[in-house]
Structure formats: structure tokens, C-alpha cells
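Summary of the model geometry
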Amino acid sequence: MDCPVCGRPIIENGEYCKYHDEANSNLYSSYEEWKKALPISWIEYLIEVEERKETGKWVKELIEYFRTIKSL
Ligand SMILES: [Zn+2]
């Protein structure tokens, strides 16, 4: 199977390639952090993160993918 975001091979027992898998873990763990400080929904959070200049390429691609499949 290939990574649904970029088509690279996925990691063992994973959903994504190593890059997007790491981006996914980072995205979820920083959401946990944000939620402690802000009443922010997952979708609002994704939009916020995507707009940040410092957000990395892999995270942006992953968010783009979420927005496509879940029509966020
Ligand atoms: Zn990928």
C-alpha cells in the first residue's frame, strides 16, 4: 500500500509514509497542547496550523489531504 497523501510506501503497521506519519503524530500531539490553552476545534486548529509560515511541508500536505477527504 502507498501513502494516501504522497504515494510513497507506507511504514509498517502505519497509515502513511514515514514523513506523513511523523507529521500526523506531531499534528495530534500539538493539538492536545493547544486545547489546554484554547477552546479550539480540530478543524479550526488545522486551518490555523496550515496558515502558519513555520508549518512544515509534510504537515501542510497532510492537512491538505484531510481537507480533501473530509471536505473540511
Ligand atoms: Zn506520504
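The structure under discussion appears in the preceding block.
Residues numbered from 1 in each chain as written. Predicted model: local features only at pLDDT ≥ 70, side-chain atom pairs only at ≥ 80, totals over all residues. Heavy atoms only, no water.

What to know about the side chain of His20
Checked against the element boundaries, His20 lands in helix H1 (residues 18–37). Only 2.9 Å separates the side chain of His20 from the side chain of Glu61, close enough to count as a polar contact. (Helix = DSSP H or I, 4+ residues; strand = E, 2+ residues; numbered from the N terminus. Polar contact = N/O pair within 3.5 Å; in protein donor to acceptor, adjacent residues only side chain to side chain.)

Observations concerning the coordination of the zinc ion
Each protein donor to the zinc ion is listed here as Cys3 (SG), Cys6 (SG), Cys17 (SG) and His20 (ND1); together their distances run 1.9 to 2.3 Å. Every donor counted, the 4 donor atoms about the zinc ion form angles of 102 to 115 degrees at the centre, which fits tetrahedral coordination. The motif formed by the donor residues of the zinc ion, counted along the single chain, is C-x2-C-x10-C-x2-H. One end of the pair, Cys3, is in the segment before H1; the other, His20, is in helix H1, with 17 residues separating them in the sequence. Of the two residues, Cys3 and His20, both sit in the buried class. (Donors = N, O, S within 2.8 Å, 3.2 Å for Na, K, Ca; no water. Tetrahedral: all angles 85-135°; square planar, octahedral: opposite > 155°, others 65-115°. Buried < 20%, exposed > 50% of the residue type's maximum accessible area, 1.4 Å probe, protein only.)

So, the pattern of salt bridges
Under the criterion given, the structure shown has 5 salt bridges. Residue Glu32 is joined to Lys35 by a salt bridge in which the shortest nitrogen-to-oxygen separation is 3.7 Å. Placement of the pair is Glu32 and Lys35 together in helix H1, with a separation of 3 residues, close to one helical turn. For Glu32, a relative accessible area of 41% gives the class partly exposed. (Salt bridge = Lys/Arg side-chain N within 4 Å of Asp/Glu carboxyl O.)

Geometry only, nothing functional implied.
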